[in-house]
Amino acid sequence: KPVDYLVGDATDRMAMFSPDGRFLAYVSNESGTSEVYVQTFPASGGKWQISSGGGSQPVWRGDGKELFFVSPGGTLQAVPVSIGGAFEPGIPKILFKRPFEIGGILRNRYTVSSDGQRFLVNAAREAGLSTPFSVVVNWPETLPQR
């Protein structure tokens, strides 16, 4: 049965369930700046601000022991978390800086392997760089006839 979850005047987006389904990481501008938060699911009063100074695009590691997010300027950060009995976030650490693609729909521009060791990033293309390609129309006609 559908229930209201995040109700208020803030814009909440980019929600991601923890692997065990007990927590929801999301981005909200409730403080005036877009920040990453984690809240219990279903909502039971437990709520934690994860980022500081801005954050977006939260992604959980496959075992739920880490939460990744992008801070302003394109820095990917990792926060160790404990989701055993109660939720306990650690201190964010910078992993790497990358010019993440922006624009279009607001959704994550990267994904992480289940062990949290590899990242696939939709990076911004450097201006003026392009790789030529050809489009072959009606390509079956170019095959030798049998």
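All of these numbers come straight from a predicted model, not from anything done at the bench. (Residues numbered from 1 in each chain as written. Predicted model: local features only at pLDDT ≥ 70, side-chain atom pairs only at ≥ 80, totals over all residues. Heavy atoms only, no water.)

A. Up close: the pairing of strand 3 (residues 35–40). Extensive coverage of strand 3 is indicated by the burial of 6 of its 6 residues. The pairing of strand 2 (residues 23–28) with strand 3 spans 6 bridges and is classified as antiparallel. From the neighbouring strand, Phe23 faces strand 3, where its bridge partner is Thr40. The turn joining strand 2 and strand 3, which pair antiparallel and follow one another in sequence, is formed by 6 residues; a positive phi near 100 degrees is taken by Gly32. The pairing of strand 3 with strand 4 (residues 47–49) spans 3 bridges and is antiparallel. Opposite Gln39, over in strand 4, you have Lys47 as the bridge partner. Once strand 3 ends, the chain turns through 6 residues before running back antiparallel as strand 4, passing Gly45 with a positive phi of about 100 degrees. (Buried < 20%, exposed > 50% of the residue type's maximum accessible area, 1.4 Å probe, protein only. Helix = DSSP H or I, 4+ residues; strand = E, 2+ residues; numbered from the N terminus. Pairing = 2+ DSSP bridges.)

B. Local environment of the packing of aromatic side chains. In the structure shown here, the tally under the stated rule is 8 aromatic pairs. Both rings, one in Phe68 and one in Phe119, keep their centres 5.3 Å apart while their planes meet at 85 degrees; by these two values the pair is edge-to-face. Of the two residues, Phe68 sits in strand 6 (residues 66–71) while Phe119 sits in strand 11 (residues 119–121), which places them 51 residues apart along the sequence. Here Phe119 falls in the partly exposed class, since its relative accessible area comes to 25%. Between the aromatic rings of Phe96 and Phe119, the centroid separation amounts to 5.5 Å while the plane-to-plane angle is 75 degrees, which identifies the pairing as edge-to-face. With Phe96 in strand 9 (residues 93–97) and Phe119 in strand 11, this residue pair connects regions lying 23 residues apart in the sequence. (Phe/Tyr/Trp six-rings, centres within 6.5 Å; stacked < 30°, edge-to-face > 60°.)

C. Spatial organisation of the environment of Gly90. Tracing the chain through its elements places Gly90 in the loop between strand 8 (88–89) and strand 9. Taking the C-alpha atoms as reference, Gly90 lies 9.8 Å from Leu67; in sequence the two are 23 residues apart. Look past the residues within four positions of Gly90 in its chain and what remains in contact with it is Val79 and Pro80. (Contact = heavy atoms within 4.5 Å.)

D. Region of interest: the pairing of strand 2. Where burial is concerned, most of strand 2 is hidden: 6 out of the 6 residues are buried. Neither face of strand 2 is open: one carries Phe23, Ala25 and Val27, the other Leu24, Tyr26 and Ser28, and all of them are buried. As paired elements, strand 1 (residues 12–17) and strand 2 share 4 bridges and run antiparallel to each other. Bridging across to strand 2, Phe17 finds its partner in Leu24. Hairpin connection, strand 1 to strand 2: the antiparallel pair is bridged by 5 residues, and Gly21 has positive phi, about 75 degrees.

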